[in-house]
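The residues making up each chain are set out below.
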Amino acid sequence: MRALSRHVREAALVAKGAALTDHPIMAHIIPIRRCNLSCAYCNEYDDFSKPVSIEVMERRIDLLGRLKTGVITLSGGEPLLHPDLDRIIGRIRKNKALAGLITNGYFLMPDRIRQLNDAGLDYLQISIDNVMPDDVSKKSLKVLDKKLQMLAEHADFHININSVLGGGIKTPEDALTVGRRAMELGFTSTVGIIHDGDGQLQPLAPRERAVFLAMKELEKKHFSRLNYFQENIANGRPSDWRCRAGSRYLYVCEDGLVHYCSQQRGYPAKPLEDYTLEDIRREYLTKKSCAPLCTISCVHQISYFDFFRAPQTIESAPLEQASNQLVSIKSAGV
Ligand code: SF4
Ligand code: SF4
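First things first, this report covers the structure right here in the doc. (Residues numbered from 1 in each chain as written. Chains lettered and ligands numbered in written order. Predicted model: local features only at pLDDT ≥ 70, side-chain atom pairs only at ≥ 80, totals over all residues. Heavy atoms only, no water.)

### Focus: the overall build of the chain
Here's step 1: Scanning the chain from N- to C-terminus turns up eleven helices and eleven strands.
Here's step 2: Going through the 334 residues of the chain one by one, you find that 57% of them count as buried. (Helix = DSSP H or I, 4+ residues; strand = E, 2+ residues; numbered from the N terminus. Buried < 20%, exposed > 50% of the residue type's maximum accessible area, 1.4 Å probe, protein only.)

Quick look at the structure:
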């Protein structure tokens, strides 16, 4: 029944997203910047921030609801460190949005999973970076497999496991092992590509490319989401697309400012409480200079809604290519 209800709400979201352009389809919001881990490629966490208060979070969720946001996903840092996370999820549902959560999974236990069921969570995503923990990432299958089994047993919400290629991950074949384990447990699986270093797009190395192609086959078989733009990234080619960040996708930081995305914090950096339809309409038509080399899956996927309409006529401020584009691992599949 939970899955059916989710599918009905998803179908309504898709129909509304295709018919109308004046609302965000997805927002990511940060309830806490702190994380219990410190992945080497990550620029989205610290080890000291306090949680945003529940009153402020509820107000921000209501503001996203007022903008008619379709999916509101809690990200971080590690959102499960927020003491009132379930109330925030409940507030998202009260605003008639689908509720998502991106977590490193470390704090999941059977009771906690059941509480997330009760709160009304719709989606959960965990990124698993390798099979054995190393100095780049402790989000490994060895550490998290027990958590995955708990999820398979207790969760009522949809679960996606994202694995990654690039970004210093040493054994690309691990992505395939993680993807296969996800399928075995009845979850969907996606793969994200991280590009690091000087921001120049490089084709995947032959070993990584072989894994990427095998993962795409796996995705096809299990009806998981395809990321067509990733073909270009894998081949080191820029993509020709219209980024609708600031309009169809919003990133709301812990200070309550709206940014294009986690890698373009600072633009437009306007308080959510002052964000209006006028901002949404302007950003819808604003060309983002970082688009050709962007690897941020969720914004690419959302752009498909408007792919064949509304060419962008407003030039953005010059945006630097993100120096560490890890974002696909944080966002794919939710
Ligand atoms: S990638 Fe996720 S788990 Fe790793 S440090 Fe960043 S926020 Fe924490
Ligand atoms: S990095 Fe990607 S998602 Fe972010 S503003 Fe640039 S093109 Fe859009």
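### Considerations on unusual backbone geometry
Here's step 1: The step from Gly 76 to Gly 77 runs through a cis peptide bond, and the omega angle for that step is 10°.
Here's step 2: In this structure, Gly 77 sits in the loop between strand 2 (71–74) and helix 3 (85–94).
Here's step 3: Of note in this structure, Lys 68 is not a glycine but carries a positive phi near 65°.
Here's step 4: Mapped onto the elements of the fold, Lys 68 is located in the loop between helix 2 (54–66) and strand 2.

### Points about the nonpolar core
Here's step 1: Leu 116, Leu 124 and Leu 151 are the most contacted members of the largest nonpolar core, which totals 46 residues.
Here's step 2: Apart from residues no more than four positions distant in its own chain, Leu 151 is found in contact with Leu 108, Ile 113, Leu 124, Ile 126, Phe 157, Ile 159 and Phe 187.
Here's step 3: Core analysis: the next-biggest nonpolar cluster, separate from the first, contains 23 residues, Ile 30, Ala 245, Cys 253 and Val 299 among them. (Core = buried A, V, L, I, M, F, W, Y, C linked by side-chain atoms within 4.5 Å. Contact = heavy atoms within 4.5 Å.)

### Examining the site of ligand 1
Here's step 1: Around ligand 1, a shell composed of ten residues is seen, among which Cys 35, Cys 39, Cys 42, Tyr 45 and Lys 139 lie nearest.
Here's step 2: Here the residues of the shell around ligand 1 sort into five nonpolar, three polar and two charged. (Near = heavy atom within 4 Å. Nonpolar A, V, L, I, M, F, W, Y, C, P; charged D, E, K, R; others polar.)

### Quick look at the packing of aromatic side chains
Here's step 1: Counted under the stated rule, the structure contains three aromatic pairs.
Here's step 2: A centroid spacing of 6.4 Å and a plane angle of 20° characterise the contact between Tyr 260 and Tyr 267, whose relative ring orientation is stacked.
Here's step 3: In this structure Tyr 260 comes out as buried when scored by relative accessible area, which is 6%.
Here's step 4: Taken together, Tyr 304, Phe 307 and Phe 308 form an aromatic cluster joined through their ring pairs.
Here's step 5: Sitting above the plane of the Tyr 284 ring, Arg 244 keeps its charged end 4.2 Å from the centroid.
Here's step 6: Positioned over the ring face of Tyr 260 is Lys 288, at 5.0 Å from the centre of the ring. (Phe/Tyr/Trp six-rings, centres within 6.5 Å; stacked < 30°, edge-to-face > 60°. Lys NZ or Arg CZ within 6 Å of the ring centre and 35° of its normal.)

### A look at the sheet that holds strand 2
Here's step 1: Reading across from one edge, 6-5-4-3-2-1-7-8-9 is the order of the nine strands in this open sheet, with mixed pairing throughout. Because the sheet does not close on itself, it has two edges, and the strands there are strand 6 (188–194) and strand 9 (268–271). Adjacent strand axes in the sheet meet at a mean angle of 25°, parallel and antiparallel pairs treated alike.
Here's step 2: Pairing of strand 1 (residues 26–29) with strand 7 (residues 249–252) involves four bridges; the strand directions are parallel. Bridging across to strand 7, His 28 finds its partner in Tyr 251. (Pairing = 2+ DSSP bridges. Axes fitted to C-alpha atoms, helices over the stretch in contact; angles between N-to-C directions.)

### With respect to the site of ligand 2
Here's step 1: Looking at ligand 2, the residues that line it are Trp 241, Cys 243, Tyr 260, Cys 261, Gln 264, Cys 290, Ala 291, Cys 294, Ile 296 and Val 299.
Here's step 2: Classifying every residue of the shell around ligand 2 gives nine nonpolar, one polar and no charged.

### Concerning the environment of Ser 5
Here's step 1: Structurally, Ser 5 can be placed in helix 1 (residues 2–19).
Here's step 2: With relative accessibility at 32%, the residue Ser 5 sits in the partly exposed group.
Here's step 3: Expressed as a C-alpha distance, the spacing of Ser 5 and Asp 122, which sit 117 residues apart in the sequence, is 9.7 Å.

### With respect to the pattern of salt bridges
Here's step 1: A complete count under the given rule lists 21 salt bridges for this structure.
Here's step 2: A salt bridge links Arg 207 to Glu 173; the shortest N-O distance between them is 2.9 Å. Highlighted residues: Arg 207 in helix 7 (residues 206–221) and Glu 173 in helix 6 (residues 173–184), separated in sequence by 34 residues.
Here's step 3: On the basis of relative accessibility, which here comes to 48%, the residue Arg 207 falls in the partly exposed class.
Here's step 4: Put simply, Glu 58, Asp 62, Arg 87 and Arg 91 are held in one network by salt bridges that share partners. (Salt bridge = Lys/Arg side-chain N within 4 Å of Asp/Glu carboxyl O.)

### Considering helix 3
Here's step 1: All of the buried residues in helix 3 are Leu 85, Ile 88, Ile 89 and Ile 92. When helix 3 is viewed along its axis, its buried side chains cluster within an angular range of 100° and face the same direction.
Here's step 2: In the core, the buried residues of helix 3 are packed alongside helix 2, strand 2, strand 3 (98–103) and helix 4 (110–119).
Here's step 3: The positive-phi residue at the C-terminal boundary of helix 3 is Lys 96, with phi of around 65°. (Arc of directions from axis to C-beta.)

### Let's talk about the packing of helix 5 (residues 141–154) against helix 6
Here's step 1: Their axes nearest at 11 Å, the elements helix 5 and helix 6 cross at an angle of 10°. Taken as axis vectors, helix 5 and helix 6 run roughly parallel relative to one another. Each of Leu 141, Asp 145 and Gln 149 in helix 5 lies in contact with helix 6, whose residues at this interface are Thr 177, Val 178 and Arg 181.
Here's step 2: Within the contact of helix 5 with helix 6, the residues separate by chemical class into two nonpolar, two polar and two charged. (Parallel < 35°, antiparallel > 145°, perpendicular 65-115°, else oblique.)

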